[in-house]
Amino acid sequence: MSSPIKIALLLIWASTPLIAGKETQIISNYSPFYADGEYHFQNVIIIRSFEQNKDYYFISVDPRTLQTEIIPQKSIRITPETWTDLLKKYASTPYIKALQRVKENPSPLQDAGFIHGFPEEKGATLTIDLCPSKKPLDRIIFKELIQELSKKERPVPVAISITGKFLQKHQSDILWLKTLIKSGDISITWINHTYNHHYNKKASLANNFLLIPGTNISKEILDTEKALLNQGILFSDFFRFPGLISSPRLISQVTDFGLIPIGTDAWLAKGDKIKQGSIVLIHGNGNEPLGIKAFTKLLQEEAPNVTQGNWLLYDLQETIKRSVDDTGIIDTTRADRYIFPTQFDFRNP
Ligand SMILES: [Zn+2]
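Description of the structure in this document. From a predicted model like this one, the values you see are computed outputs, not experimental measurements.

**So, the overall build of the chain**
Thought 1: Tallying secondary structure elements over the chain gives 11 helices and 13 strands in all.
Thought 2: In the chain, which comprises 349 residues, the share counted as buried stands at 45%.
Thought 3: Contacts in the chain between residues far apart in sequence, at least 24 positions, make up 75% of those at least 6 positions apart.

**Here's the deal with the packing of helix α3 (residues 94-104) against helix α8 (residues 248-256)**
Thought 1: Direction vectors running N to C along α3 and α8 enclose 170°, while the axes themselves pass 9 Å from each other. Classified by the angle their axes make, α3 and α8 are roughly antiparallel. Where α3 abuts α8, its residues L99, V102 and K103 lie against I251, S252 and T255.
Thought 2: Partitioned by chemical class, the residues of the contact of α3 with α8 number 3 nonpolar, 2 polar and 1 charged.

**Some thoughts on the nonpolar core**
Thought 1: Counting 83 residues, the largest nonpolar core has V158, I160 and I260 as the members making the most contacts within it.
Thought 2: When residues of this core are assigned to domains, at least three fall in each of domain 1 (24-91) and domain 2 (96-332).
Thought 3: Those residues in contact with I160, other than ones at most four positions away along the chain, are I128, L130, I188, W190 and I191.

**Examining the pairing of strand β12 (residues 279-283)**
Thought 1: Most of β12 sits out of view: 5 of its 5 residues are buried.
Thought 2: Note: strand β6 (residues 123-130) against β12, 5 bridges, orientation parallel. Bridging from a neighbouring strand, L126 pairs with V280 of β12.
Thought 3: Both strand β11 (residues 266-267) and β12 contribute to a ladder of 2 bridges, which runs parallel.

Criteria and thresholds
- Residues numbered from 1 in each chain as written.
- Predicted model: local features only at pLDDT ≥ 70, side-chain atom pairs only at ≥ 80, totals over all residues.
- Helix = DSSP H or I, 4+ residues; strand = E, 2+ residues; numbered from the N terminus.
- Buried ≥ 20, exposed ≤ 12 C-beta atoms within 10 Å, placed from the backbone.
- Contact = placed C-beta atoms within 7 Å.
- Axes fitted to C-alpha atoms, helices over the stretch in contact; angles between N-to-C directions.
- Parallel < 35°, antiparallel > 145°, perpendicular 65-115°, else oblique.
- Nonpolar A, V, L, I, M, F, W, Y, C, P; charged D, E, K, R; others polar.
- Core = buried A, V, L, I, M, F, W, Y, C linked by C-beta atoms within 7 Å.
- Domains from an automatic or database assignment.
- Pairing = 2+ DSSP bridges.

Pasting the structure below:
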């Protein structure tokens, strides 16, 4: 479940400038940087470095918990390593196991990565995608989640796949989400969903989304991370492919940035049914009322089970961490997933 420490760290990062009394400057020299580090007597993997307010920082991943953290460079001892060496050194940890599990499962065009939680889950893991949109955030879904689940789960854990463009254009919605984190109503795992989320309605899926020729995957990933950090938001080590479309080469590129792809086995607007342990997908960008309606209905139906403690939402980090010790979470056989929900428009002007 969501750890109180994680929430506290997110709040500190979200609410205070790095240097008290000075205005927080935007991040510069943001770059992938791979190293082995020792911090608070624990080994961590460094994946990024950056500069802000004339100080230098690393972003680390705890390979046992998958938790990301921002660490001042002066507070940690590091040994620069190649990514390949780090993969070898930490091969037995949940983080590296998760990355390798995705890489080693030859993927279809669509829905690469983890699509289901560990078998004993009583409930599901909710992911809400915020692809670029001119419409506002569907706040109703968060209100319903808090209303239906907060007696049993507080904060309610949700994962949000965020695009740089949504972040840029929906400041009031982002501030509203931050107030829900601050009040302890929800905890958010921020998934990188790329900056632009390009989509060409006329192109085939094999030439669409990140497979559009000329796409700069590095820029799509790093610009989103930078945009989040500049808003005081620390991202997780998860990634969702736009349109759920990928290729083995893209999967390799994304995992080499230290990010774990997350698919879904329950895209509600497509009519998928939620099973125990599903990783559920709905769109919260005003684009998919069908999915929102289906999830709201489900919450109401499950209300008696929620009260009895037989249905709950899981933290994505916990789900993936426990999944790598179990089996059957990557499904590469689902040809039906090539079909998008009717009337779904990814561009949503
Ligand atoms: Zn999307």
